[in-house]
Amino acid sequence: ALQAHAWAGRACLAALAAHGAGYTFTWARYDGIAAAAANLAAWPGDAYAVVNLAGALSLAGGALAALAALPAVRRGCYEAFLWGHVLGAAAFYLLACAHACWICWCLAPATLVWAVERGHRAHSRSALQRALVSRPAPSLLRVHLPQMRPRAGHNIAWLTVPQLGGALGTQARCSPRMSAS
């Protein structure tokens, strides 16, 4: 699913860049470069007019999201990826709606799917807030990960570790966000 998301995003950006470049090239060819620049920078007052500047800025937001998702950025600094991807996508979405108001209707199904997925993820995450870790033997850990719908034995992991020493008591609570260092 992640690869499909990445390819769909790249294809969308390429198609939108071609769309903007095609219009800009056509304006420059028939009306001159100055008129093309004026068309691109204009923000008409009519609520139903196409706002070319918003379209160009929307494309820039999409480009920010794509650049933030590059493996070097994502692996090097996850927070830069996350903020760049989220803010770029938000700018892309909002400015696309400002570019042409009817785009909101085209984006509505994807927005609904996104909202349902985010709600499900938040609900699932709330069920996994704490893991119970116990040490039944000196070199054995029992990790109990609560689930929304627990199935017998599917939410327990047994870990054999050498020489734990006194690092853990008989019952400890750990956050799943703790990093192993």
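In what follows, the structure referred to is the one given above.
Source: prediction; values computed, not measured.

Below, the discussion takes up helix 3 (residues 52–68). End to end, helix 3 covers 24 Å across 17 residues, agreeing with the expected 24 Å (1.5 Å per residue, within 8%). Listed in full, the buried residues belonging to helix 3 are Asn52, Ala54, Ser58, Gly61, Gly62, Ala65 and Ala68.

Scanning the entire structure with this criterion turns up two aromatic pairs. Taken together, a centroid distance of 5.8 Å and an interplanar angle of 45° make the contact between Tyr23 and Trp27 tilted. Of this pair, Tyr23 and Trp27 both sit in helix 1 (residues 2–31), four residues apart, roughly one helical turn. Exposure remark for Tyr23: the relative accessible area of 46% places this residue in the partly exposed category. Here the guanidinium or amino end of Arg10 rests over the ring plane of Trp7, the centre of that ring lying 5.1 Å away.

Position of Ala68 relative to the elements: it lies in helix 3. A sequence separation of 16 residues divides Ala68 from Gly84, and the C-alpha atoms of the two residues are 5.2 Å apart. Non-local contacts of Ala68, meaning those with residues more than four positions away in its chain, are made with Val73, Arg74, Ala80, Phe81, Gly84 and His85.

The subject of this paragraph is a nonpolar patch on the surface. A contiguous nonpolar surface patch, about 630 Å² in accessible area, is contributed by Leu64, Tyr78, Leu82, Trp83, Val86 and Leu87. Broken down by element, the nonpolar patch gets its largest block of residues, five residues, from helix 5 (residues 78–99). Tracing the backbone through its elements, the reader meets Tyr78 in helix 5.

What counts and how
- Residues numbered from 1 in each chain as written.
- Predicted model: local features only at pLDDT ≥ 70, side-chain atom pairs only at ≥ 80, totals over all residues.
- Heavy atoms only, no water.
- Helix = DSSP H or I, 4+ residues; strand = E, 2+ residues; numbered from the N terminus.
- Expected span 1.5 Å × (residues − 1).
- Buried < 20%, exposed > 50% of the residue type's maximum accessible area, 1.4 Å probe, protein only.
- Phe/Tyr/Trp six-rings, centres within 6.5 Å; stacked < 30°, edge-to-face > 60°.
- Lys NZ or Arg CZ within 6 Å of the ring centre and 35° of its normal.
- Contact = heavy atoms within 4.5 Å.
- Patch = residues over 30% accessible without salt bridge, like charges linked within 9 Å, V, L, I, M, F, W, Y side chains within 5 Å.
- Areas by Shrake-Rupley, 256 points an atom, 1.4 Å probe, with all protein chains shown as cover.
- Salt bridge = Lys/Arg side-chain N within 4 Å of Asp/Glu carboxyl O.

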